[in-house]
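# Structure assessment
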Amino acid sequence: MVELSLLNSRKNKLKFSIIVTLKKEVLDPQGKVVQNTLNNLGMGNLKDIRQGKYFEIEIDEIDQSLAEKKVTQMCEKLLVNLIIEDYKINKI
Amino acid sequence: MVELSLLNSRKNKLKFSIIVTLKKEVLDPQGKVVQNTLNNLGMGNLKDIRQGKYFEIEIDEIDQSLAEKKVTQMCEKLLVNLIIEDYKINKI
Amino acid sequence: MKSSVIVFPGSNCDRDIAVALEKMQFKNKMVWHKETSLPKSDLIVIPGGFSYGDYLRSGAIAGKSLIISEVIKAANSGCLILGICNGFQILTETGLLKGTLLRNKNLKFINKDVNIKVLNNKSKFTSKYKLNQVLKINIAHNEGNYFTNEKHLTELNTERLIAFKYCDKNGNINENSNPNGAIDNIAGIFNSKKNILGMMPHPERMIDNMISNTDGVNLFSSLLN
Amino acid sequence: MEITEKIVKKHGLKKEEYHRIKKLMKRDPNLLELGIFSAMWNEHCSYKSSRLHLKKLPTKGKQVIQGPGENAGVIDIGDNDAIVFKIESHNHPSYIEPYQGAATGVGGILRDVFTMGARPIALLNSIHFGSPSHPKTKSLLNGVVSGIGGYGNCMGIPTVAGETKFNDTYNENILVNAMAVGHTNKNKIFYSKAKGVNKLVVYVGSKTGRDGIHGASMASAEFDENSEEKKPTVQVGDPFTEKLLLEACLELMKDDSIIAIQDMGAAGLTSSSVEMASKGSLGIELELDKVPCREKNMTPYEMMLSESQERMLIILEDGKENYAKKIFKKWDLDFVVIGKTTSTNNLTLKFHGKIEGEIPIDALSSKAPIYDRKWSKKKASKKKTDIKKLKKIKLEDALVKILSSPNHSNKSWITNQYDQMVMGDTVQRSGSDAAIIRIHNKNKAIAVSVDSSANYCKSNPVSGGKQIVCENWRNIISVGAKPLAITNCLNFGNPEDEKIMGEFAECLIGIKEACEFLSYPVVSGNVSFYNGTNRKNIFPTPVIGGVGLINNLKKPLNHNFKNENNIIILIGKTFGHLDQSCYLKENYSIHDGMPPEINLLNEKNNGDVVLNLIQANLVSAAHDVSSGGLVVALSEMSIGSNLGIKIEKSKKLRNTAQYFFGEDQGRYVLEIDKKNLISVEKTLKNNDIFYENIGITQKDYFEIEGEMRLSINDLYEINNQWYNNY
Ligand SMILES: Nc1ncnc2c1ncn2[C@@H]1O[C@H](COP(=O)(O)OP(=O)(O)O)[C@@H](O)[C@H]1O
Ligand SMILES: [Mg+2]
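Residues numbered from 1 in each chain as written. Chains lettered and ligands numbered in written order. Predicted model: local features only at pLDDT ≥ 70, side-chain atom pairs only at ≥ 80, totals over all residues. Heavy atoms only, no water.

### Regarding the overall build of chain D
When its secondary structure is counted, chain D shows 25 helices and 28 strands. At 26 Å, chain D has a C-alpha radius of gyration in line with the 27 Å of a compact globule built from 726 residues. For chain D, the spread of C-alpha atoms along the principal axes amounts to about 85 × 50 × 45 Å. Across the 726 residues of chain D, 64% fall into the buried class. (Helix = DSSP H or I, 4+ residues; strand = E, 2+ residues; numbered from the N terminus. Rg over C-alpha atoms; globule rule 2.2 N^0.38 Å. Buried < 20%, exposed > 50% of the residue type's maximum accessible area, 1.4 Å probe, protein only.)

### Here's the deal with the overall build of chain A
Assigned secondary structure in chain A consists of 3 helices and 3 strands. For chain A, the N- to C-terminal ordering of α and β elements is α-β-α-β-α-β. Out of the 92 residues belonging to chain A, those deemed buried represent 45%. Considering only intrachain contacts with a sequence separation of at least 6, the fraction spanning at least 24 residues in chain A is 74%. Total accessible area on chain A stands at roughly 5,000 Å², and carbon and sulfur atoms take up 51% of it. (Contact = heavy atoms within 4.5 Å. Areas by Shrake-Rupley, 256 points an atom, 1.4 Å probe, with all protein chains shown as cover.)

### Focus: the pattern of salt bridges
Summed over all chains, the structure comprises 58 salt bridges over all chains. For Asp60(A), the salt bridge is made with Lys47(B), and the minimal N-O distance between the two is 3.4 Å. Of the two residues, Asp60(A) is situated in strand β2 (residues 46–60) and Lys47(B) in strand β2 (residues 46–60); the pairing between them involves two chains. Between Lys444(D) and Asp79(D) there is a salt bridge whose closest N-O contact spans 2.5 Å. Of this pair, Lys444(D) sits in the loop between β15 (435–438) and β16 (445–451) while Asp79(D) is found in the loop between β2 (73–76) and β3 (81–89), placing the two residues 365 residues apart along the sequence. Looking at Asp79(D), the relative accessible area reads 54%, which means it is exposed. One network of salt bridges, with partners in common, ties together Lys53(B), Glu85(B), Arg57(C) and Glu93(C). (Salt bridge = Lys/Arg side-chain N within 4 Å of Asp/Glu carboxyl O.)

### A word on the coordination of the magnesium ion (ligand 2)
Residues and elements named next belong to chain D. Only Asp 433 (OD), Asn 475 (OD1) and Asp 624 (OD) from the protein reach the magnesium ion (ligand 2) as donors, at distances of 2.0 to 2.2 Å. Mapping the donors of the magnesium ion (ligand 2) onto the primary sequence yields the spacing D-x41-N-x148-D. With Asp 433 in the loop between β14 (426–428) and β15 and Asn 475 in helix α18 (residues 461–478), this residue pair connects regions lying 42 residues apart in the sequence. (Donors = N, O, S within 2.8 Å, 3.2 Å for Na, K, Ca; no water.)

### Some thoughts on the site of ligand 1
All names here are of chain D. For ligand 1, the set of nearby residues contains 18 residues, the closest of which are Asn 125, Thr 164, Gly 431, Ser 432 and Asp 451. Backbone polar atom of Glu 163 to a nitrogen atom of ligand 1: 3.5 Å apart, as the coordinates give it. One of the backbone N or O atoms of Ser 432 is found 2.6 Å from an oxygen atom in ligand 1. Here ligand 1 loses 86% of its free accessible area of 550 Å² to cover by the protein chains. Within the residue set of the shell around ligand 1, elements represented by two or more residues are β4 (119–129), β5 (159–166), α16 (412–415) and α18. The element contributing the most residues to the shell around ligand 1 is β5, with 4 residues. Looking at the shell around ligand 1, its residues break down into 4 nonpolar, 9 polar and 5 charged. (Near = heavy atom within 4 Å. Polar contact = N/O pair within 3.5 Å; in protein donor to acceptor, adjacent residues only side chain to side chain. Nonpolar A, V, L, I, M, F, W, Y, C, P; charged D, E, K, R; others polar.)

### So, the sheet that holds β2(A)
Strand order across the open sheet formed by 6 strands is β3(A)-β1(A)-β2(A)-β2(B)-β1(B)-β3(B), with antiparallel pairing between neighbours. Both edges of this open sheet fall to β3 (85–91) of chain A together with β3 (85–91) of chain B, since each of them pairs with a single strand only. Looking at each pair of strands side by side, their axes are set apart by 25° on average, direction ignored. Across 9 bridges, the pairing between strand β1 (residues 13–22) of chain A and β2(A) is antiparallel. Following the sheet pairing, Lys15(A) is matched in β2(A) by Glu58(A). Relative to the sheet, helix α3 (residues 64–79) of chain A contacts β1, β2 and β3 of chain A together with β2 of chain B, its axis offset from that of β1(A) by approximately 35°. (Pairing = 2+ DSSP bridges. Axes fitted to C-alpha atoms, helices over the stretch in contact; angles between N-to-C directions.)

### Here's the deal with the packing of helix α7 (residues 98–114) of chain D against helix α8 (residues 137–155) of chain D
Helix packing for two helices is described by the angle between their axes and how far apart those axes are. Residues and elements named next belong to chain D. Viewed as axis vectors pointing N to C, α7 and α8 meet at an angle of 35°, and their least axial separation amounts to 7 Å. Note on packing geometry: the crossing formed by α7 with α8 is right-handed. The segment α7 lies against α8, with Pro 98, Tyr 99, Ala 102, Ala 103, Val 106, Gly 107, Leu 110 and Arg 111 engaging Ser 139, Leu 140, Gly 143, Val 144, Ser 146, Gly 147, Ile 148, Gly 150, Tyr 151, Gly 152 and Met 155. For the contact of α7 with α8, a count of residues per class yields 11 nonpolar, 7 polar and 1 charged. (Left-handed = near helix turned anticlockwise from the far one by under 90°.)

### Structural notes on empty space enclosed by the protein
All names here are of chain C. As enumerated under the stated definition, the model contains 1 cavity of 30 Å³ or more in all. For the largest cavity, the lining is made up of 17 residues, of which Gly 49, Phe 50, Cys 85, Ala 140 and His 141 are closest to its centre. Elements represented by at least two residues in the lining of the largest cavity include exactly α3 (86–94) and β7 (134–141). Residue classes in the lining of the largest cavity are distributed as 5 nonpolar, 8 polar and 4 charged. (1 Å grid on protein atoms, 1.4 Å probe; cavity = no way out; pocket = protein on both sides within 12 Å on 5 of 7 lines; lining within 4 Å. Points joined across faces, edges and corners; volume = space filled by probe spheres on them.)

### Some thoughts on the interface of chain A and chain C
Contact residues are listed per partner, giving 7 residues for chain A and 5 residues for chain C. Each partner contributes to the roughly 540 Å² buried at the junction of chain A and chain C, and carbon and sulfur atoms together form 81% of this total. Interface area lost by chain A to chain C is led by Gln30(A), Val33(A) and Thr37(A), which between them contribute 58%. Where chain A meets chain C, there are 0 salt bridges. Of all the elements, helix α2 (residues 29–40) of chain A adds the most residues to the side of chain A that touches chain C, at 5 residues. (Buried area = accessible area lost by both parts, 1.4 Å probe.)

### A look at a positive patch on the surface
All names here are of chain C. A grouping of Lys 2, Lys 27, Lys 29 and Lys 40 is seen on the molecular surface, where their side chains present a positively charged patch. By the secondary structure assignment, Lys 29 is in strand β2 (residues 27–32). On the basis of relative accessible area, Lys 29 is assigned to the exposed category, the value being 52%. (Patch = residues over 30% accessible without salt bridge, like charges linked within 9 Å, V, L, I, M, F, W, Y side chains within 5 Å. Lys, Arg positive; Asp, Glu negative; His and termini not counted. Charge placed at Lys NZ, Arg CZ, Asp CG, Glu CD.)

### Observations regarding the packing of helix α15 (residues 395–403) of chain D against helix α22 (residues 629–639) of chain D
Residue and element names in this part refer to chain D. Contact geometry for α15 and α22: axes closest at 11 Å, N-to-C directions at 65°. Considered as vectors, α15 and α22 are oriented roughly perpendicular to each other. α22 is crossed by α15, and the crossing has right-handed handedness. Contacts between α15 and α22 involve Leu 395, Leu 399, Ile 402 and Leu 403 from the former and Val 631, Val 632, Ser 635 and Ile 639 from the latter. When the residues that make up the contact of α15 with α22 are grouped by side-chain class, the tally is 7 nonpolar, 1 polar and no charged. (Parallel < 35°, antiparallel > 145°, perpendicular 65-115°, else oblique.)

### Some points on α18(D)
Residues and elements named next belong to chain D. Here α18 spans 25 Å end to end across 18 residues, near enough to the 26 Å set by a 1.5 Å rise per residue. For α18, the tally of buried residues reaches 18 of 18 residues, placing the bulk of the element in the interior. Phi turns positive, to about 85°, at Gly 480, one or two residues after α18. (Expected span 1.5 Å × (residues − 1).)

### Topic: the packing of aromatic side chains
Here the distance between the centres and the angle between the planes together describe a pair of aromatic rings. Residue and element names in this part refer to chain D. If you walk through the whole model with that rule in mind, you get 19 aromatic pairs over all chains. Here Trp 473 and Tyr 520 contribute two aromatic rings whose centre-to-centre distance is 6.0 Å and whose plane-to-plane angle is 65°, an arrangement assigned as edge-to-face. Taken together, the residues Trp 473 in helix α18 and Tyr 520 in the loop between α19 (498–518) and β18 (522–528) connect sequence positions 47 residues apart. With a centroid separation of 5.7 Å and an interplanar angle of 65°, the aromatic rings of Tyr 583 and Tyr 588 are classed as edge-to-face. Of the two residues examined, Tyr 583 and Tyr 588, each falls in the buried class. Here the aromatic residues Phe 129, Phe 166, Trp 413, Trp 722, Tyr 723 and Tyr 726 are joined through ring pairs into a cluster of three or more. Here the basic side chain of Arg 709 rests over the ring of Tyr 701, its NZ or CZ set 3.8 Å away from the ring centre. (Phe/Tyr/Trp six-rings, centres within 6.5 Å; stacked < 30°, edge-to-face > 60°. Lys NZ or Arg CZ within 6 Å of the ring centre and 35° of its normal.)

### Description of the environment of Val197(D)
All names here are of chain D. Within the secondary structure, Val 197 sits in the loop between β6 (175–185) and β7 (200–205). The class for Val 197 is partly exposed, based on a relative accessible area of 39%. Separated by 410 residues in the primary sequence, Val 197 and Gly 607 place their C-alpha atoms 51 Å from one another. In this structure Val 197 touches Leu 282, Thr 341, Thr 342 and Ser 343, once residues within four positions along its chain are discounted.

Structure below.
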């Protein structure tokens, strides 16, 4: 029983990663401070640092394109602030 | 002149992504709220969501293994709180 | 008693704690984070606020500043260290206190008066309080949700290193009296030698009846002993 | 590049305005110059539609050190202490991106205050949202509240008071007004007037990015097809940097290095440099290559129009450069000399060694257009609701309906997200009529409150304008402070519409009248027009922010009942005015009719005498009667204190609803200890104040004889559930 449902659930699940970053021209106060700190800590050859958010999402769905649509929806509805952020979805 | 320096700078730079996530055993208040909210928004087939931070780092270094070492250092020294967080570095 | 208050860019309860210390007759000095040595002090306070904007993680960047290595040295030689709010977060980032402070469970900044219970009054910080005394103290934070691993939690309990827990006005410690989701309602902890106290509530806000109450006074007068 | 009609239009300039520009310039402007004109001549900077009306407001008084025209108003509170304060709107940005919009609104108003040398000691806000059932409202509310908190909390300045309202009229256009109050020594106030030629112009603070380059940048998209990187960017607040900027500026202000200082607000570098030059009748020359930029390849156009936050412009005394630079370096902030003052009376912009733009300063300031826009008077509504014809509702049910409504629910869901206690001088936090902030290290305090009444103003702008000043005055008095001066944020629709312009003109007539009568001058303010979409304008929403003084801070007063068996006195006459009341709105959805009349004479008398009683320590609690009428005021006094009341029904009025829910003005509820009753009544009689003893305080129950009896706990629950369930 247990194994069966486990198998089932494995089959049904698809996993995605979402990377959300600030749009290029939007001020990134955090990134600035982190970069300064790393420089002060002696890691001077750091050229650039961009910060963002990361999500790993598992959804109950067999159809990949359907699943992707759902994930996109989640991004646009909640996870991403489209006015200042960009996002990328990857199947993992 | 311009092109040359551009070329140079391109050669010298290596880019990495870092994904920082909360350790499994650490309660993730944000993830929980996000999951609830998504469920309330009618995306009920969401099975699991993990949240984390994302960094994209560009460093001035030709040697990849050296560069990786540096990035690891940045993680351990500042970017990651090893008590509660795990991280993964990828060359991009 | 000589005290020093460490000031980071973004600290903002530095003046408040200085006012409290002076009112309690401490000889206090403010120490700018870029300084490389500490004035001679019996007590070092790391105040509340948003050091470095709380960017990355609250307390993380201040935890890497120059002066912090001096604080660590002082701590190891037995100097008393008090971290309030952001100061507590900084102390966990430096490793002087174990565990960490996660975001409040409701993901919102919380400012209100809450009740906390004195769980150990056998320390330099709490000797003037009664055991199990219930205090009303103001909290103001985004990340006050204390978390630590099982092993450390056991240690906190068996070694009696929990200074304060959130409770209701009758002293009951439960889910309802936990404002931020902290594990076991923990509001403040000591290190194993009990010369370091980290706490989320702000005792320096409770020293003046005109403003609030005087439940914070005994923390400072304990230190004067 | 040729300036086409289309480009002119995209810059928000009318044809006639463009002609005026050409005439003033004696040539065609180039694109950079056009952008600068568009920024300086827009409503926000030029006040072209409002100026004629604003001029009529009373702005003087013994207590006024600086009236409108500077970054903020300044008043004298004695002992060399000065209070600097102002309110400002950030409506449109907050609708687009609520968190950042609200946050940068707070950041902007804080800069206005510390530019003048004052340390900010309190923040307030007035926020108006659409209907709670509108799909956008919830996330806007969440975003705005956390944005306001996010900025103020990080800065370490207590957010102590405000107002939060919901009304359909804001569905497509929310209002976010932020007010900041600062304290300084009255001999240490800094102004924006430049003096002297060849003085260094210094840029300090954050770097410049392509943030918020408004309509202007849309225009630029058209002439540059690969315009992806030229899209306007939402301004992101960086309170951490602002905190550093605050400390650095205050440190520099300790000596006399600064000739003039001006924050870069709307139209950033443009308005700050033009304003300083214009006030000093000087010219200013900037070398734009030196402007610290966040992005590559920024053009002069973008630099001049960027609205990046957390920046200031300073004109330095000779020989102070190194000294000043050191301070900003200590705080990790940019400090760059980018120009100098000149005697040319021009704004001269150099880039790569070439003059890219040159405009006479007066063309941008004193010669900017001013409009005497057409306006029409509002017709008085003839409608009157006949209360006897309405279906009868039980008093208790009506009260419950009001107390649990979004507009009257307890706001602690909001105020708990603001640090109200930092700085250690908050004597009275949110939740009373006004907040009280002690002057650091002194035994005196100021009281602050913001108020608005859009419904009243909509139905009768003149009396609405009066009412809102009076309500603010009452709120200040209710905590025992003497009202000193106000700031105002005038949120209106499209001024090109006669009716809207009429609302504006008439509201100002009302405000003026009340301010004059109460000697409550206007020392600063802000106008926000074009609130609304297409032809749907918001209700006229002037917001008044008032400051009062408590000279001897012995026993601060709030509106919570203090003891059982005290006498409750109602000051002021109750006529039972229900039109425009929240009773009719919440219970019957009736929105028409005229608002209650304002009798300034009674208003002043009642207020002065109540203040006297409070100052004489004869009052245990005080609360003004406003929206919801007497019974709502009483409930609020109970809920805050856990003490109930027992009220005898007045025999004078036939109708219970009118008596308990009427919104007649100029009224206060006082709690009086029995031992003080005789002296209180004597004072009231001596001053011809109309009053009624309406009942007593009692334990646990809120009781109106023959009408209702509810436990205070229930009342509390009723008042506290809405936000938590929303
Ligand atoms: N957005 C807000 N920020 C801070 N305080 C607020 C806010 N909204 C309401 N408050 C506080 O809640 C209390 C009740 O507000 P309100 O009913 O408007 O008071 P009043 O009618 O006396 O003006 C006041 O103390 C006010 O300062
Ligand atoms: Mg009031």
